Amino acid sequence: MWIVNKKKKSLNIFITGLISQVVILLLGIVIPKLLIVSYGSEVNGLLSSIKQIFIYVALLEAGIGTAALQAMYEPIAKSDKEKASQIMVATDRYFKKTGFFYGIAVVLLAFLYPVIIKVDLEYWMVAVIILLQGSAGVIKYFFQGKLTILLRVDGRSYVTTNIATIVNVLTHLIQIILILSGFDIIAVQIAYFIINLAQMLYLTWYVRKNYKWLNWHADPDYKALSQSKFVIIHQISGLIFNNTDVLILTYFCGLKVVSVYSLYSLIFNCVSNVIDTLCSSVEFILGQAFNSDRNYFMKLQETYETYYLGISFGFFTITLIMFPSFIRLYSSGITDINYVDPILPYLFVALNILMYARRTSSQIINFAGHFKQTQWRSVLESFINLTVSLIMVYYLGIYGVLIGTIAALFYRTNDVIIYANWNILGRKPWKTYRRWAVNLITMVLLTVGINTILGPITNYFQWVLNAVWVGIVCMGGIVVVDSIFDWKSFQMIKGMAVDTIKRKAR
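Caption draft 1: Structural detail: the overall build of the protein. From N to C terminus, the protein includes 18 helices and zero strands. For the protein, the share of sequence-separated contacts (at least 6 apart) that also reach a separation of at least 24 residues comes to 86%. Carbon together with sulfur atoms contributes 67% to the accessible area of the protein, which is approximately 22,900 Å² in total.

Right, here's the structure in full:
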C-alpha cells in the first residue's frame, strides 16, 4: 500500500520531466546556433564561461541543500510536520544569510571578469551581461532554494519541472525572436532575466497554498543540518570536478574552443537530463523507503538499478550512433571554428557512462548520510581531474581536458560502487559490476552493428527517421538483455505493472 500511494507522484515526475527535457532540447539547440551565427562563437563561449563561473558562486549554498534533503526524508515519510517545519526554518535562515554574499559576488564578477579574461566585446557590455545573468541566479537562490528541497523530498518535483518548462519555453522563444529581429545580446539577456522572475513568484505561491501546515515561525533545528559541514567538502569537490573543464579551456584554449565544448556538452546534458528525470521520479520513494522500510528498499533497489543502468546505457548508445551526423548538420554554415570532430563524441560518451554508472550507488550514500566518511574520496576525485586536465591540456587541448575528467571518473565510479555495497548495504558489489558489464557489451555490439547498416544522412528529416528506429532497436535490445540477466528484477517490475493495470481496470 505504501508504494501504491507513491506511484502517481512518481509517474507525474517522470512524465512532466520527460516532456520538459524534450521541449528544452528542441528549443535549447536552436539558441546556440543562432548565437554563433548572429554574434560569433566567442559570444557563445563567453555565455558558457559565465554560466560555469556562477555555478561556482552558488557554492555559497555550502552543502546545506543536500544536507536538508537528506534530513527531510524521515519526517516527511513519517508525516512529522513539526520536525519538517523546524528543518525548513533552519534551511531558510541559512539561504537568507548567504544570499546577500551571492549578490556581492555577482557585482564583483561583473567588474573583474572583463579585465581578467580577454574578450573582443566592450567592457560595459560584458559587465551588463554578467549582472543580468547573475541577478536571476541570486533571486532564485534567495527565494526558491528551500522550496525546491521541500517539493523534491515530498515527491512533487514535477511542480518545479512544469514551471521551469514554461519559463524555458517563453525564454527561448523570446530570445529567438529578438535574435532574428536583430537585437543585440544585451536585449536577449534582459528577456532571460525578466521571465525568470516568474518562476520564483509561482513557487512561493504554490508552497503557501499546498503546505499550510508549514510553520515558518518554528524553532530552527540546526542540528538536523549538522551534516552540511561534511557535505560542503563534497560540494566543493563536485564543483571543481564538474566545472573546471570550461574554465581551463577558457584560459588555455580560448572562447571559441569553449563554444565547441559547450555545444557538445549541451547535447549530452540534454540526454543526461532525461536520465535524471527517470532518477528523480523514484528518488523520493527510495529515500523514504531507506529511512522507514529497509527490507522493501533492498528489493526496490535491485530492480531500480537494473533498469536505471540499462536505460542510461541505452540513451548513450543512441547518442553515440546519431550524434556525429547531427553535429554535421547542425554546424553547417559555421566557419569561425570546426565543430565536427571524430573523437569528441567517444570521449563525451565515456565520460557520461562513467558518471551515470555510479548514480544508483551515490544515492545510497546520500540516503545513509555518509558524507563525512566519503569526503576525502570526493577530494581525491577532484584532485585527479584538475591535475590530469592541467597537464594534458598542454599536449592535447580539449581532448586532454576530457581525458582528465574520465581518469577521475574511472577512480571515483569504482570507489562509489564498492563503498555503497560493502559499507552500507553489507554485500559484495559484483551484482552492480555484472550489470555494468552486460550493458557495456550490449552497447558495443549495438553500436558496431547499427553503424554498419546506417547510411549517410543529409538532412534533418532523414536524421529523425533514422533516430526513431535506432532508438527503438537500442532501447528494446538493452531492456530485453537486462531482463534476461536479471529475471527477478523483471518479475518485480512486471508485478508492479500488472497491479497498476488491474487497479485502473477496477
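The discussion continues.
Caption draft 2: Local environment of the nonpolar core. Within the largest apolar cluster, 105 residues are counted, with the highest numbers of intra-cluster contacts made by Met-72, Leu-150, Phe-297, Phe-316, Met-322 and Val-470. Sorting elements by how many residues they give to this core places helix α11 (residues 294–330) first, with 16 residues. Membership of the second largest hydrophobic core comes to 29 residues, among which are Leu-47, Leu-109, Ile-130 and Ile-186.

Caption draft 3: Broad picture of the confidence of the model for the protein. Of the residues in the protein, 85% have a pLDDT of 70 or more, and the chain-wide mean is 80. The element-level mean pLDDT for the protein is lowest in helix α1 (residues 4–28), coming to 62, with helix α16 (residues 430–453) highest at 94.

Caption draft 4: Spatial organisation of the packing of aromatic side chains. Taken as a whole, this structure holds 18 aromatic pairs when the rule is applied. Between Tyr-211 and Trp-213, the aromatic rings sit 5.8 Å apart at their centres with planes inclined by 65 degrees, giving edge-to-face as the arrangement. Exposure remark for Tyr-211: the relative accessible area of 4% places this residue in the buried category. The structure contains a cluster of three or more aromatic residues connected by ring pairs, namely Tyr-261, Tyr-264, Phe-268, Phe-323 and Phe-348. Cation over ring: Lys-146 sits above Trp-216, and NZ or CZ is 5.9 Å from the ring centre.

Caption draft 5: Looking closely at the pattern of salt bridges. All told, the structure shown has 13 salt bridges when counted by the stated rule. Across the pair Lys-431 and Glu-302 runs a salt bridge whose closest N-O atoms are separated by 3.8 Å. Separated by 129 residues along the polypeptide, Lys-431 in helix α16 and Glu-302 in helix α11 bring together distant segments of the chain. Here Glu-302 falls in the buried class, since its relative accessible area comes to 14%.

Caption draft 6: Quick look at helix α6 (residues 123–153). Compared with the 45 Å implied by 1.5 Å per residue over 31 residues, the 43 Å span of α6 between its first and last C-alpha is a close match. In α6, a bend of some 60 degrees at Gln-144 exceeds every other bend along the element. With its phi angle positive at about 75 degrees, Gly-155 sits one or two positions after the end of α6.

Caption draft 7: Geometry of the packing of α11 against helix α17 (residues 460–485). One way to put it is that α11 packs onto α17 with a least axis distance of 9 Å and a crossing angle of 160 degrees. Judged by the inter-axis angle, α11 sits roughly antiparallel to α17. Read as a crossing pair, α11 and α17 show a hand that is right-handed. Among the residues making up the contact of α11 with α17, the classes are represented as 18 nonpolar, eight polar and one charged.

Caption draft 8: Structural context of the packing of α11 against helix α13 (residues 359–368). Here α11 crosses α13 at 150 degrees, and the two axes come no closer than 10 Å. With respect to each other, α11 and α13 are oriented roughly antiparallel. For the pair formed by α11 and α13, the contact residues are Phe-297, Gln-301, Tyr-304, Glu-305 and Tyr-308 on the first element and Arg-359, Thr-360, Ser-361, Gln-363, Ile-364 and Phe-367 on the second. Along the lines of polarity and charge, the residues of the contact of α11 with α13 split into five nonpolar, four polar and two charged.

Caption draft 9: Expanded view of the environment of Gly-369. Residue placement: Gly-369 occurs in the loop between α13 and α14 (371–396). Separated by 299 residues in the primary sequence, Gly-369 and Gln-70 place their C-alpha atoms 6.7 Å from one another.

Caption draft 10: Representation of a nonpolar patch on the surface. A surface patch of nonpolar side chains, about 1,200 Å² in accessible area, is lined by Phe-100, Phe-101, Ile-104, Val-107, Leu-108, Phe-111, Leu-112, Val-115, Ile-116, Tyr-123, Trp-124 and Leu-131. For the nonpolar patch, the secondary-structure elements that each account for two or more residues are α5 (81–116) and α6. At nine residues, the largest contribution of residues to the nonpolar patch is made by α5. As for its position among the elements, Ile-104 is in helix α5. On the basis of relative accessible area, Ile-104 is assigned to the partly exposed category, the value being 39%.

About the criteria used
Residues numbered from 1 in each chain as written. Predicted model: local features only at pLDDT ≥ 70, side-chain atom pairs only at ≥ 80, totals over all residues. Heavy atoms only, no water. Helix = DSSP H or I, 4+ residues; strand = E, 2+ residues; numbered from the N terminus. Contact = heavy atoms within 4.5 Å. Areas by Shrake-Rupley, 256 points an atom, 1.4 Å probe, with all protein chains shown as cover. Core = buried A, V, L, I, M, F, W, Y, C linked by side-chain atoms within 4.5 Å. Buried < 20%, exposed > 50% of the residue type's maximum accessible area, 1.4 Å probe, protein only. pLDDT = per-residue confidence, 0-100. Phe/Tyr/Trp six-rings, centres within 6.5 Å; stacked < 30°, edge-to-face > 60°. Lys NZ or Arg CZ within 6 Å of the ring centre and 35° of its normal. Salt bridge = Lys/Arg side-chain N within 4 Å of Asp/Glu carboxyl O. Expected span 1.5 Å × (residues − 1). Bend = angle between axes of the 7 residues up to and from the residue. Axes fitted to C-alpha atoms, helices over the stretch in contact; angles between N-to-C directions. Parallel < 35°, antiparallel > 145°, perpendicular 65-115°, else oblique. Left-handed = near helix turned anticlockwise from the far one by under 90°. Nonpolar A, V, L, I, M, F, W, Y, C, P; charged D, E, K, R; others polar. Patch = residues over 30% accessible without salt bridge, like charges linked within 9 Å, V, L, I, M, F, W, Y side chains within 5 Å.

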